[in-house]
Amino acid sequence: MDKKKVLVLTGGGDCPGLNAVIRGIFKRAKKEKDWEVLGSIEAFNGVMKEPVDVVRLTSKKVAGIHIKGGTILKTTNKGNPLSYPVQKEDGTWENIDKTDMLVERLKQLGIEAVINIGGDGSQLISQALYEKGVNIIGVPKTIDNDLSATDFTFGFRTAVQIATDSFDKLVTTAESHHRVMIMEVMGRDAGWIALHTAIAGGAELCLIPEIPYDIHKVVNHINKRYKKGKGFANIVIAEGAKPKGGEVFQKEAKLKHEEHVRLGGVAYLLSRQLKDAGCQAEIREAVLGHVQRGGTPIAFDRILATLFGVKAFEMVLDREFGNMVCYRGNKICTVSLKEATSTYNFVDKDSYLIKAARGVGISFGD
Ligand code: F6P
């Protein structure tokens with residue numbers, strides 16, 4: 001008897017814990033004699049490619065992968081079937097809708113169900129495919145923790161740990177040189193990584209997208225600290241932070257075939273702004289970048305990712321298609337893809353987290 005096929009894929013930026021989800025799905029599915037697990041290489045590109053790039057997962061392929069960073073299925077943020085970038089002969093790009101072709105391919109491959117592991121962009125694709133009749137389940141993923149339907153995404157806490165370890169190192173060098181040290185972390189629209197790192201590391205200032213900063217207030221806060229004789233200051237800034245009335249700093253203009261504008265480098269901009277606003281201290285910058293997304297996931301993220309993987313397959317068995325697995329109030333639950341993709345999870349300016357951060361002397365420059 002032919003086994004039923006569940007197709008797994010990872011889309012968007014990679015994130016520590018993706019492999020633990022894949023392993024969780026595979027191990028749970030293995031308990032069901034009539035199912036097999038396939039993987040599409042590089043998100044949906046594997047299915048849309050000619051010839052297709054789809055692999056059958058085996059115990060050997062998934063053994064021990066829960067401790068590895070990245071994704072054994074590879075990923076991309078250039079493979080959105082809703083708006084697929086195609087380069088024309090004259091070198092220009094156009095975006096075409098490839099969803100009908102994708103749905104047809106899934107049928108040809110005999111796929112019974114799809115588990116799409118990805119962030120907001122990937123889950124919008126899941127919803128669109130669900131509306132076209134695909135039996136699809138979403139698994140939320142992002143180090144930014146900006147998905148509203150889940151209290152936490154796997155990968156976030158690993159990113160915070162990496163950022164905190166780096167921050168601790170920068171504190172000792174800032175102290176030794178009486179410097180202002182600016183550490184830039186990821187967080188395009190939401191400042192979760194910056195905020196958690198600032199509290200864990202004991203930063204003097206934390207600049208996040210949700211609270212635009214006033215550069216003069218930032219300088220005043222630094223000066224006060226120098227006047228007290230402490231003579232150094234550590235700042236955490238999210239890549240999407242901006243000054244009051246200003247714009248987000250873009251590293252490069254958006255290329256036609258890329259999903260999002262590239263951020264990164266706001267630490268250098270802040271450094272210049274501080275000097276221009278009269279900051280006398282010596283300043284150095286450190287941009288963490290993709291270091292935050294690589295390497296082995298911490299235990300919490302491995303566990304959360306494993307629970308998500310097991311649940312996602314059980315949702316396939318229960319035919320709960322059109323839904324996403326999530327983590328709410330310490331429970332693994334489900335939410336419709338529609339609800340999951342309707343809003344973002346931003347840092348609430350009035351939350352206790354912000355209040356507590358202010359309580360231990362962290363300034364948001366506002
Ligand atoms: O969304 C996750 C994220 O890590 C953002 O924080 C960051 O801006 C972006 O991905 C970087 O994407 P890329 O890997 O395409 O440079």
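Residues numbered from 1 in each chain as written. Predicted model: local features only at pLDDT ≥ 70, side-chain atom pairs only at ≥ 80, totals over all residues. Heavy atoms only, no water.

Draft legend 1. Inspection of the overall build of the protein chain at higher detail. Check the secondary structure of the protein chain and you find 12 helices and 15 strands. For 366 residues, the compact-globule estimate of 2.2 N^0.38 gives 21 Å, and the protein chain sits close to it at 22 Å. Each of the three principal axes of the protein chain carries a C-alpha extent, and together these read 80 × 50 × 35 Å. Going through the 366 residues of the protein chain one by one, you find that 53% of them count as buried. (Helix = DSSP H or I, 4+ residues; strand = E, 2+ residues; numbered from the N terminus. Rg over C-alpha atoms; globule rule 2.2 N^0.38 Å. Buried < 20%, exposed > 50% of the residue type's maximum accessible area, 1.4 Å probe, protein only.)

Draft legend 2. Representation of the site of the ligand within the structure. As a matter of local geometry, the ligand sits amid N77, I143, D144, M186, G187, R188, E239, H260, H290 and R293. In this structure, an oxygen atom belonging to the ligand sits 2.9 Å away from a side-chain N or O atom of D144. Burial of the ligand by the protein chains amounts to 80% of its free accessible area of 400 Å². For the shell around the ligand, the residue count by class is 2 nonpolar, 4 polar and 4 charged. A domain split of the shell around the ligand shows at least three residues from each of domain 1 (4–154 + 297–340) and domain 2 (157–294). (Near = heavy atom within 4 Å. Polar contact = N/O pair within 3.5 Å; in protein donor to acceptor, adjacent residues only side chain to side chain. Areas by Shrake-Rupley, 256 points an atom, 1.4 Å probe, with all protein chains shown as cover. Nonpolar A, V, L, I, M, F, W, Y, C, P; charged D, E, K, R; others polar. Domains from an automatic or database assignment.)

Draft legend 3. Region of interest: the domain arrangement of the protein chain. Domain boundaries in the protein chain define domain 1 (4–154 + 297–340) and domain 2 (157–294). With centres defined by C-alpha atoms, the gap from domain 1 to domain 2 works out at 33 Å. Taken residue by residue, the interface counts 19 residues in domain 1 and 20 residues in domain 2. Between domain 1 and domain 2 lies a buried interface of about 1,800 Å² when both sides are counted; carbon and sulfur atoms form 58% of it. Run the count over domain 1 and domain 2 and you get 1 salt bridge. Taken together, the connections running from domain 1 to domain 2 amount to 4 residue pairs in polar contact (both at pLDDT 80 or more). In terms of residue class, the side of domain 1 that touches domain 2 is made up of 9 nonpolar, 5 polar and 5 charged. (Contact = heavy atoms within 4.5 Å. Buried area = accessible area lost by both parts, 1.4 Å probe. Salt bridge = Lys/Arg side-chain N within 4 Å of Asp/Glu carboxyl O.)

Draft legend 4. Seen up close, the packing of aromatic side chains. Counted according to the given criterion, the structure contains 6 aromatic pairs. On the basis of an interplanar angle of 90° and a centroid distance of 5.5 Å, the ring pair of W35 and F313 is categorised as edge-to-face. Placement of the pair is W35 in strand β2 (residues 35–40) and F313 in helix α10 (residues 299–317), with a sequence separation of 278 residues. Accessibility expressed as a relative area gives 0% for F313, which makes it buried. Ring geometry for F154 and F308: centres 6.2 Å apart, planes at 70°, overall edge-to-face. Highlighted residues: F154 in the loop between β7 (136–140) and α6 (156–177) and F308 in helix α10, separated in sequence by 154 residues. As far as burial versus exposure is concerned, F154 and F308 are alike and both buried. By way of ring pairs, the aromatic residues F152, F156, F300 and Y327 are connected into one cluster. (Phe/Tyr/Trp six-rings, centres within 6.5 Å; stacked < 30°, edge-to-face > 60°.)

Draft legend 5. Broad picture of the sheet that holds strand β13 (residues 282–287). Read across the sheet, 4 strands follow the order β9-β10-β8-β13 without closing on themselves; strand pairing throughout is parallel. Whereas interior strands pair on both sides, the edge strands pair on one side only; in this sheet they are β9 (205–207) and β13. Averaged over all pairs of adjacent strands, the angle between strand axes in this sheet comes to 20°, irrespective of strand direction. Contacts from α6 reach β8 (179–185), β10 (233–238) and β13 within the one sheet, and its direction differs from that of β8 by about 165°. (Pairing = 2+ DSSP bridges. Axes fitted to C-alpha atoms, helices over the stretch in contact; angles between N-to-C directions.)

Draft legend 6. Spatial organisation of the pairing of strand β6 (residues 111–118). For β6, the tally of buried residues reaches 7 of 8 residues, placing the bulk of the element in the interior. Bridging between strand β1 (residues 4–10) and β6 involves 6 bridges; their strand directions are parallel. Paired with L7 across the strands is V114, a residue of β6. Crossover handedness for the path β6 to helix α5 (residues 120–131) to β7: right-handed. (Right-handed = clockwise from strand over helix to strand, strands pointing away.)

Draft legend 7. Region of interest: the environment of K33. Examined against the element boundaries, K33 turns out to sit in the loop between α1 (18–30) and β2. For K33, a relative accessible area of 69% gives the class exposed. For K33 and I125, which are 92 residues apart along the polypeptide, the C-alpha to C-alpha distance reads 30 Å.

Draft legend 8. Structural view of unusual backbone geometry. For the peptide bond that leads from E50 to P51, omega is -5°, which places it in the cis range. Position of P51 among the secondary structure elements: in the loop between α2 (45–48) and β3 (54–56). The phi dihedral of K74 falls on the positive side, at around 60°, and the residue is not glycine. Its location among the elements puts K74 in the loop between α3 (59–62) and β4 (84–87). Judged by its relative accessible area of 47%, K74 is partly exposed.

Draft legend 9. Summary view of the pairing of β4. Pairing geometry for β4 and strand β5 (residues 93–96), over 4 bridges, is antiparallel. Bridging across to β5, Y84 finds its partner in I96. Count of turn residues in the β4/β5 antiparallel hairpin: 5 residues, of which G91 carries a positive phi of about 90°.

Draft legend 10. Just the side chain of T153, in detail. Within the secondary structure, T153 is located in the loop between β7 and α6. A polar atom in the side chain of T153 sits 2.6 Å from the backbone oxygen of T142. The residues contacting T153, other than those within four sequence positions of it, are P140, K141, T142, N145, L147, D301 and L304.

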